[in-house]
Structure formats: structure tokens, C-alpha cells
Amino acid sequence: MTYAFPPGGLPDQSQDPAANRAVFTTAYAFIPASVQRDIVTSYFPGWDGTRAWILARPLSGFAETFAQYAMEVEPGGGSDAPEPDAGAEGVILIAEGMGRLRVDGSDHDLGPGGYAYLPAGQAWSLRATSLLRFHWIRRRYIPAQGVPAPEAFVTSDQDTPIRWMPNTDLWGTTRFADPEDLRHDMHVNIVTFRAGGRIPFAETHVMEHGLYVLEGTARYLLNTDWVDVGPGDFMWLRAFCPQACVVTGDGTFRYLLYKDVNRHPALVL
């Protein structure tokens, strides 16, 4: 299993900027890996030896529920107080390298495929034990009456089975949280397609999405546009944006998927 990450660096002066294909529309954004370069990184208070590509943030009138980062941490770097918002929950997925996550009084050494859910108000820390690259998704947790808050957990892609869709083994989802567990108001899953797999209809639904391509290639329907996507490309969909997928090539196609779930829509904007 491989886990793509922004390439960084800077193209030479011979590159045609029109060839990068980055698009921002009223229904979706497509941020290809080719534009995730050094000059667009951010730095955060409380983080040492760390830079980040911020790929999504709440925008009024667009996708409003989450932020998504790709984080790069030098050996020994990291943070002892990573989350600045006490109301924010988070998920991290390790793409490359090794890091030590401390949560609930326990240390966890995480490598590629390592996954952690970090509930709102949870103290945690993360330090790189080698050059560390990971994906981080943040969201303001929405409590529900009579439903307890979820607890932190640590697992991995390798230790979580794929749940294949009905009547096919070509399309399935690695679900790190039980979809019927109402404590969770977001899911961050990995979607896997084998060669020949597809989403055979245009999904059109209330959930917002962040999709970071981890490996493989596909043609992806974004609203009315079919876009060729590959490792490191990011797609950001607002609610009700139609989407579908057709795998290209002979390899596996996988992406990290965020969606908001298990809560009534707010009736005020």
C-alpha cells in the first residue's frame, strides 16, 4: 500500500502553468498534486519543524464543515499541543515515515497507514521520529442529545478490513468507525477500487467531501466534468455535487475520503 503526499519543490521555468489543470468552481475544487508546491505551505504556532499544505477550509456558500491538511514534520519536530480549538475533533493518517502519538496516557508508534481518531477536547501530542508526512482532517464536533461523545482510538489501514459493496469485490470502503455509531458526526475512510471498478451512478447527496488520491488513476465525475485524477490529487466537493468514478489502468485506485454524517442539517446559515 502506498499513500501519496504533496510533491513540494518548484517546477522549472519551462513549465506551462495552464497544464496543471487546477480548477475552482461553485460546485467543486480540483487541486492537482502538481500545484502542491513549497511556496503554498503554511506554518503553525505550537508546531516545531513543521509545514503544511492546507487543502480545504470552511468557506461560506461552499464546503463548510471541515479543514484538511497535508503535514510534513522534520525528525524531532511536531507539537505537544497540536489542536488550537477545544471544540475540534480530528483524524490523522500517516503517509510516510514514523511518528509517536501520545493520547490517553499511551504512546503509539505510527508508520505508513497508521490512523488515529482524536475527539474534541482530547489532549494529544505528536513527534516525528523520522521525516514524517501525514494527512490531518479537522472538524468542529456537533454533540447530539442523549448520545455520548466518541472516544479516541488508534488503528491502521492494514488492520482494518475492506467492506466490499453489495454484489461486487471491485469497490469497497475501509471504515475506521462503525457507520451506525451515532457518536461520530464525521467519517474519514479509505475507498478502494480494483481494476475495472467504478461508482456506477452519479452520487448526489448532502454530505460534503474531501478526497485525497492515495494511489492509482481514475476518471472522476465532478458535477458535470469528467476529470483525470492520480496520486496526490485532491477533490473538494460541496453538498449535492454529483460524483462518480471509473478506474483507469490495471492497478488499484484508492483515496482518503471525508464526509459529514449522522446529524440533522442545521436550519440556519
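What you are looking at is a predicted structure, and each value in this text was computed from that prediction instead of being measured.

What counts and how
Residues numbered from 1 in each chain as written. Predicted model: local features only at pLDDT ≥ 70, side-chain atom pairs only at ≥ 80, totals over all residues. Heavy atoms only, no water. Helix = DSSP H or I, 4+ residues; strand = E, 2+ residues; numbered from the N terminus. Contact = heavy atoms within 4.5 Å. Pairing = 2+ DSSP bridges. Axes fitted to C-alpha atoms, helices over the stretch in contact; angles between N-to-C directions. Phe/Tyr/Trp six-rings, centres within 6.5 Å; stacked < 30°, edge-to-face > 60°. Buried < 20%, exposed > 50% of the residue type's maximum accessible area, 1.4 Å probe, protein only.

A.B. asks: Can you walk me through the environment of Val188 in this structure?
C.D. replies: Structurally, the position occupied by Val188 is in strand β14 (residues 186–193). Separated by 91 residues in the primary sequence, Val188 and Gly97 have C-alpha atoms spaced 21 Å apart. Residues in contact with Val188, not counting those within four places in the same chain, are Val91, Tyr115, Ile137, Phe176, Leu256, Leu257 and Tyr258.

A.B. asks: Just to check I follow, could you spell out the sheet that holds strand β17 (residues 217–222) for this structure?
C.D. replies: If you trace the 4 strands from one edge of the open sheet to the other, you get β15-β20-β17-β18, paired in antiparallel fashion. This sheet does not close on itself; its edge strands, each paired only once, are β15 (198–203) and β18 (225–229). This sheet shows a mean twist of 20 degrees between the axes of neighbouring strands, independent of strand direction.

A.B. asks: I tried to follow the packing of aromatic side chains on my own but got confused; where do I start?
C.D. replies: The description of an aromatic ring pair rests on the distance of the ring centres and on the angle between the ring planes. Applying the stated rule across the entire model yields 19 aromatic pairs. Here the aromatic rings of Phe66 and Tyr258 are separated by 4.1 Å at their centres, their planes lie at 25 degrees, and the arrangement is stacked. Of this pair, Phe66 sits in the loop between β3 (48–56) and β4 (67–79) while Tyr258 sits in strand β21 (residues 253–260), placing them 192 residues apart in sequence. Residue classification places Tyr258 among the buried positions, given a relative accessible area of 0%. Both rings, one in Tyr115 and one in Phe153, keep their centres 6.1 Å apart while their planes meet at 20 degrees; by these two values the pair is stacked. You can see Tyr115 sitting in strand β8 (residues 114–118) and its partner Phe153 sitting in strand β11 (residues 153–156), a full 38 residues away along the chain. A relative accessible area of 3% means that Tyr115 is categorised as buried. Aromatic rings pair up to connect Phe44, Trp47, Tyr69, Trp124, Phe134 and Trp136 into one cluster.

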